[in-house]
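Architecture at a glance
Below, each chain spelled out in residue letters.
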Amino acid sequence: MKACRALVVLSLLLLSGCLVTFREPIPANEAAPIPLLGVWSRVDEWGELRYLDITRAGSNLYKADTYVDNPDNVPSVQSYSFTVAHHGRRWYLSAGLPKRMGANYAIGGFELTQTGELVLFNLDVERIRQAIATGELAGNDVQMPQGQGVLVTSKLDKVFAYLNDPANSDLFVEVARYQRSVP
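Described below are features of the structure shown in this document. From a predicted model like this one, the values you see are computed outputs, not experimental measurements.

Time to look at the nonpolar core. Counting residues in each nonpolar core, the largest one holds 23 residues, and the members touching the most others are Phe22, Ile128, Val152 and Leu163. Sorting the residues of this core by element identifies β1 (20-22), β8 (117-123), α2 (125-133), β10 (147-152) and α3 (156-163) as the ones contributing at least two each. No other element matches α3, which puts five residues into this core. Of all hydrophobic cores here, the second largest spans 18 residues; its members include Val84, Trp91, Leu93 and Tyr178.

This brings us to the packing of aromatic side chains. The geometry of an aromatic ring pair is captured by the separation of the ring centres together with the interplanar angle, meaning the angle of the planes. The final tally for this structure, using the stated rule, is four aromatic pairs. With 5.8 Å between their ring centres and 25 degrees between their planes, Trp91 and Phe110 make a pair best called stacked. Of this pair, Trp91 sits in strand β6 (residues 90-96) while Phe110 sits in strand β7 (residues 105-112), placing them 19 residues apart in sequence. Residue Trp91 shares its accessibility class with Phe110, and that shared class is buried. Positioned over the ring face of Phe121 is Arg90, at 4.6 Å from the centre of the ring. Sitting over the ring of Phe172, Arg90 keeps its end group 4.2 Å from the ring centre.

Our focus in this paragraph is the pairing of β6. Burial of β6 is extensive: six of the seven residues sit out of reach of the surface. As paired elements, strand β5 (residues 78-87) and β6 share six bridges and run antiparallel to each other. Looking at the pairing, His87 lines up with Arg90 of β6. Taking the residues that link successive antiparallel strands as the turn, the β5-β6 hairpin has two residues, and the phi of Gly88 there is positive, at about 60 degrees. Sheet topology note: the β6/β7 ladder contains six bridges and is antiparallel. Each residue of the ladder has a partner; that of Tyr92, found in β7, is Gly109.

What counts as what
- Residues numbered from 1 in each chain as written.
- Predicted model: local features only at pLDDT ≥ 70, side-chain atom pairs only at ≥ 80, totals over all residues.
- Heavy atoms only, no water.
- Core = buried A, V, L, I, M, F, W, Y, C linked by side-chain atoms within 4.5 Å.
- Buried < 20%, exposed > 50% of the residue type's maximum accessible area, 1.4 Å probe, protein only.
- Helix = DSSP H or I, 4+ residues; strand = E, 2+ residues; numbered from the N terminus.
- Phe/Tyr/Trp six-rings, centres within 6.5 Å; stacked < 30°, edge-to-face > 60°.
- Lys NZ or Arg CZ within 6 Å of the ring centre and 35° of its normal.
- Pairing = 2+ DSSP bridges.

Dropping the structure here:
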């Protein structure tokens, strides 16, 4: 259960047991906005205090460490590497998934609000399935330990064009909202 809860932090948690995955990650050729870096916190759906510490891990590579209850709770730490890209009005992040989840990549959205919040979004699985059924995207259903998922096989440029089409504004579902953590 801890691993699933940690995935919420990166908006990669399986919504209704499903996850949209991709064969390729977002290339590490764009820097994240500087305000993304630092420590964020929120109370999760289980009433636990969650911390998210985002740092630079290399040239355009980033690391998110998640902690339960407080940033000094080292045994609870889960670490995820990710890349980012800005397309249209939205920022995206891409993180590799473990082998048990297909070893592909999950892509989510994020936004830094005017009020200083970090909002994380996940792709709506059913809307992506509809896009595959109508031929707007290529892909197929895949079985994952948590349930049925979707593997999108379209190239990322086509995916981003689809995601940024104004007609597709409801493809994302908000999954977490963080506030800047005070040291």
